[in-house]
Each structure stands twice: as structure tokens, then as C-alpha cells.
Amino acid sequence: MAAPPDMDPPSALSLELLPTDPLLLILSFLDYRDLMSCCCLNRRLNQLSSHDPLWKRHCKKYWLISDEEKSRRNQGWKAIFISTYTDLGRYIQYYATLKKAWDDLEKYLGQWCPRMISSLKESVREEDLDAVEAQIHCKLPDDYRCSFRIHNGQKLVVPGLMGSMALSNHYRSEDLLDIDTAAGGFQQRLGLKQCLPLTFCIHTGLSQYMALESVEGRNKYEIFYQCPDQMACNPSAIVMFITGTSYLEWFTSYVNKVVTGGYPIMRDQIFSRCFPLCRYVHDKECVATTEDITVSVSTSFLPELSSAHPPRYFFTYKIRIEMSKDALPEKACQLDSRYWRITNAKGDVDEVQGPGVVGEFPIISPGRVYEYTSCTTFSTTSGYMEGYYTFHCLHYKDRFFNVTIPRFHMVCPTFKVSTA
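Residues numbered from 1 in each chain as written. Predicted model: local features only at pLDDT ≥ 70, side-chain atom pairs only at ≥ 80, totals over all residues. Heavy atoms only, no water.

- An unreviewed UniProt entry annotates the protein as FBX3 protein originating from Climacteris rufus.
- Note on the protein: under the UniProt heading Pathway (unreviewed entry), the record states "Protein modification; protein ubiquitination." (UniProt positions renumbered as here; feature names shortened; annotations may be inferred.)

Spelled out as C-alpha cells, the structure:
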């Protein structure tokens, strides 16, 4: 509808005339890229976009800068954001996730494994990472580079940051390699072309590798354990047990399992004053209680003892048997025998029954814990076990009873055969 003839047309609304507070509120919803662009549009937006509190959210979101750190640096939020972006800007999509993972891991180690913190190395510089790329003639993924801008792996020590596992006389403890050691182990041989080691076990010589290119049947940046194909005519042919699709996914998922108790902490007999991180995966639902006795199970896959050709998948399991500390003293009992029902992925069942466990007949009393490790192999990539222990009471010699062992599953990681 046309305006009445006696009314003047509305004048153009000038940005300079708009009140400051609503504009600042609008700008507070912008991402750092758009906020920076606003600085280049006109004088008024440049002034508003430089309002220091607007940059606090971005500093916390992308760089995890706390108020305490800001006070120590004696800089404004915008200055901190820009200076950090100048140094780490290429990693902005990864930095906060990886920094939080490292911070969570360090906090956890400080509580449970304080000696391990001293094995962590300080960050490296951009030029150090560039030099490694020039040395190996391959580009490193940005998430990998970003992690090393926070910590340069660890010293070659035991226990390793990436977990330990003990079974009889077989022991594995994986260190997270620093950038120079990793570059020195860069592979160009058949079966492992353009593969960079991420970890190393002093005891087994085992490494987890990251493929820097899509060659020999691998996906770019895939992380895997290597295992010789024992049936291949070519001795360099390997089977790859895939442990991650990218460095970010591999490292953060490992840290998450550690700090949430997915990898239980065990007192190692060699390191009596240290609690190494152990690669036994514990399913929190895999627990069964019979009267006052609780049985829980953790499992671990051993790639170094496994083979896809011929199919032999090796697993170790750790069982914890504990009697409630509130149980009556006369509930003390001794384990006599075990019964196992073992089922593979094809539904084939084996039953095993025998005296004791690992040659022992442990006595369980109120508050006491007994732990042991054993192993099994499957001809399929997965399977499960369940069963019971038979105990007799020490106070009532003629009383026998069974204690349930919860069903626990063992699953091999996805694997591929190299096309080398």
C-alpha cells in the first residue's frame, strides 16, 4: 500500500547510529573467521570487533586458555588469540581436542603413575616437523603434527605410555615414539612402504605404524599392527590389524579408555612402585557376583602372537576374584576347580574342566583379592568364554558351591592383507 502523500520516506539506517550493546551481542555469536572479517568492513565494525571480551570464547574454545593463564600472560583475549593462531593456526581444528586429551592423561598419570610423567618430552617446533618431512619425503598429517606441538612423545622407557601387558614370560610395553626416533624407523621396504612407526616395544620389537600414503592395500593415515602372513609365498607380505583410522581418533580413543577406567590399573610385579597402564580392556558390565564373591574379567588381543593366515587369534584375559570386605569370617573359602565353556564365532563349543587356576588353589577371605592371567586362541576373529569356579568352605569342610564367571567376549581388530 502506498504511503500517504503527506508522509516523508524513511531515511537510510546508518550503522553508526545503531546502539553498541545489541551489535556486540550479535557479534558474540560469530565464529573467529567472521569476527576477523568484520574488522575489515568499516571503522565502526572494526572498533566493535576488537572489543576484547568477544575473543574470550574463542580463546577458550580453540586454545583452551584459562583465566589464570591469561593473567599470567598479561595480554588481552584478542592478542592471545592472534598470537596463538600465528603459531598454531594450521592446527585449529585439532588443537583443543588433542590438548584436552593430553591434559586429561597427564592429570590421570599424576594420580596413578607419577613416574611416567617424567618420561614425556617437551613439544617440538614447526621447523623440526618440517625437517622430518624433508628427511622422509612424505607429508605428516596435521593431527599428528599438532600432537607433537604439545608433547614430543616419550623417552624409551618401561613402562610405556601406550600400555603394558603381561602373560607368563611374555611382556609387552609400548612407548609413544618421539619424532626423531619415529623418523629413523620410517619404512620403505616391501610390505611396509611409506609407513611411520608410532610406538615401539623394547621387549617384542613390535610397533604400531601409520600409513602416510595409500599404498599396498592400506588407507592413508590408517594405523595398524603388522603381522607376517605365514602362508604367503612372499615373506614380506603382512597382515594389518587396524587400530585406528587417523591419529586423532587413535590417540584420543586410547586416552579416553585410560582415564575412564577402560584399561584397568594393575600393580606390576617388576615395577612395584609404579602402576603401568595395561592394555587389558575391561567391560564394566562383565561382572558377576555369587553370594559374597565377585568375578570380573578384562581381555587383550595380542597381534604379535596372532596370524590371519593360518587363522589363529591370540587373546589373553585377566580375572579378578574378590570377596566382599563385609562378608563374615566363616565365609572364607578355597578354589578347587574351574569349568569353561568356550564358543567361537561359528558356534563351535569347547568345554574345559580342571583343578585350580594356573596351577594354584587360592584362598579367598573377606576383603581379599586374587588376580591371575591366562590365554586362549580362536580360529575365528571373535569368540566368548563363560563358566564357573567350584569352591569349598574352610569353616564347613563339606560345603561346596559354584561361583559364576561372567560371559566375556574377545574380538580381533579389523584386519587386511597387504597387496605388496
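1. Quick notes on the environment of T199
Logical step 1: Examined against the element boundaries, T199 turns out to sit in strand β4 (residues 199-201).
Logical step 2: For T199 and S173, which are 26 residues apart along the polypeptide, the C-alpha to C-alpha distance reads 9.6 Å.
Logical step 3: Sequence-distant contacts of T199, defined by excluding residues within four places in its chain, comprise M162, E174, D175, L177, L206, S207, Q208 and W250.
Logical step 4: Side-chain polar atoms of T199 contact the backbone nitrogen of Q208, separated by 2.9 Å. (Helix = DSSP H or I, 4+ residues; strand = E, 2+ residues; numbered from the N terminus. Contact = heavy atoms within 4.5 Å. Polar contact = N/O pair within 3.5 Å; in protein donor to acceptor, adjacent residues only side chain to side chain.)

2. With respect to the pattern of salt bridges
When the charged atoms of two side chains lie near each other, side chains of opposite charge can form a pair.
Logical step 1: Across all of its chains, the model carries 27 salt bridges by this definition.
Logical step 2: Here R145 and E133 are joined by a salt bridge, their closest N and O atoms 3.1 Å apart. Highlighted residues: R145 in helix α10 (residues 142-148) and E133 in helix α9 (residues 126-136), separated in sequence by 12 residues.
Logical step 3: Through salt bridges with shared partners, one network takes in D87, R90, E126, D130, E133, K139, D142, R145 and R149. (Salt bridge = Lys/Arg side-chain N within 4 Å of Asp/Glu carboxyl O.)

3. Some details on the pairing of strand β2 (residues 170-176)
Logical step 1: Summarising burial for β2: 7 of the 7 residues are buried, a large majority.
Logical step 2: Of the two faces of β2, the one lined by H170, R172, E174 and L176 and the one lined by Y171, S173 and D175 are each fully buried.
Logical step 3: Across 4 bridges, strand β1 (residues 164-167) lies against β2 in antiparallel orientation. Note on β2: the bridge partner recorded for M165 is R172.
Logical step 4: The hairpin turn running from β1 into β2, its antiparallel successor, is 2 residues long, and S168 in that turn takes a positive phi close to 50°.
Logical step 5: In this sheet, β4 lies alongside β2 in antiparallel orientation, the contact comprising 3 bridges. In the sheet register, L176 faces β4, and the bridge partner there is T199. (Buried < 20%, exposed > 50% of the residue type's maximum accessible area, 1.4 Å probe, protein only. Pairing = 2+ DSSP bridges.)

4. Describing the packing of aromatic side chains
Aromatic rings considered in pairs are described by the distance between their centres and by the relative angle of their planes.
Logical step 1: Considering all chains together, one arrives at 27 aromatic pairs under this definition.
Logical step 2: Plain terms: the ring middles of Y254 and Y263 are 5.4 Å apart, the flat faces sit at 40° to each other, and that makes the pair tilted.
Logical step 3: Taking relative accessible area as the criterion, Y263 reaches 6% and is therefore assigned buried.
Logical step 4: With a centroid separation of 5.8 Å and 15° between ring planes, the pair formed by F391 and F401 is classed as stacked. Residue F391 is found in strand β15 (residues 382-393), and its partner F401 is found in strand β16 (residues 400-411); the two are separated by 10 residues along the sequence. Summarising the burial analysis for this pair, F391 and F401 share the class buried.
Logical step 5: Pairwise contacts between aromatic rings join Y32, W55, Y62, W63, F81, Y85 and Y95 into one cluster. (Phe/Tyr/Trp six-rings, centres within 6.5 Å; stacked < 30°, edge-to-face > 60°.)

5. Section: helix α6 (residues 77-88)
Logical step 1: Helix length check: α6 (12 residues) gives 16 Å between terminal C-alpha atoms against 16 Å at 1.5 Å per residue, within 8%.
Logical step 2: Those residues of α6 lying buried are W77, K78, I80, F81, T84 and L88. Taken down its axis, α6 places every buried residue within 160° of arc, on the same side.
Logical step 3: On the buried face of α6, the contacting elements are α2 (32-38), α4 (56-63), α5 (67-73) and α7 (95-112). (Expected span 1.5 Å × (residues − 1). Arc of directions from axis to C-beta.)

6. Quick notes on the sheet that holds strand β3 (residues 195-197)
Strand pairing in a sheet relies on backbone hydrogen bonds. The paired strands run either parallel or antiparallel.
Logical step 1: Ordered by their spatial adjacency, 5 strands build an open sheet running β3-β5-β6-β7-β17, and the pairing between neighbours is antiparallel. In this open sheet, the two strands that pair with only one neighbour each are β3 and β17 (415-417). In this sheet, neighbouring strand axes are inclined to one another by 40° on average, regardless of whether the strands run parallel or antiparallel.
Logical step 2: Against the sheet, helix α12 (residues 247-259) engages β5 (208-211), β6 (223-228) and β7 (238-244), with an angle of about 65° to β7. (Axes fitted to C-alpha atoms, helices over the stretch in contact; angles between N-to-C directions.)

7. Things to note about the pairing of strand β8 (residues 281-290)
Logical step 1: As defined by bridge partners, β8 adjoins strand β9 (residues 293-301) across 6 bridges and the pair is classed as antiparallel. Across the sheet, the residue bridging to T289 is T294, located in β9.

8. Thoughts on the nonpolar core
Logical step 1: With 62 residues, the main nonpolar core has L140, Y144, L161, Y247 and F251 as its most contacted residues.
Logical step 2: With 7 residues, the top contributor of residues to this core is α7.
Logical step 3: Formed jointly, this core draws a minimum of three residues from each of two domains, domain 1 (21-90) and domain 2 (96-256).
Logical step 4: Filtering out sequence-adjacent residues up to four positions away, F251 remains in contact with L98, A101, W102, L105 and L176. (Core = buried A, V, L, I, M, F, W, Y, C linked by side-chain atoms within 4.5 Å. Domains from an automatic or database assignment.)

9. What about the side chain of H392?
Logical step 1: Within the element layout of this structure, H392 appears in strand β15.
Logical step 2: By relative accessible area, which is 13% here, H392 ends up buried.
Logical step 3: Of note is the side chain of H392, whose polar atom sits 2.9 Å from the side chain of D336.
Logical step 4: The residues contacting H392, other than those within four sequence positions of it, are C333, Q334, D336, R399 and F400.

10. Some words on the packing of α4 against α6
Logical step 1: Where α4 meets α6, the closest approach of the two axes is 8 Å, and the angle between their N-to-C directions is 35°. Our pair here, α4 against α6, has a crossing hand that is left-handed. Facing α4, whose interface residues are K56, H58, C59, K60, Y62 and W63, α6 presents W77, I80, F81, T84, Y85 and L88.
Logical step 2: In terms of residue class, the contact of α4 with α6 is made up of 8 nonpolar, 2 polar and 2 charged. (Left-handed = near helix turned anticlockwise from the far one by under 90°. Nonpolar A, V, L, I, M, F, W, Y, C, P; charged D, E, K, R; others polar.)

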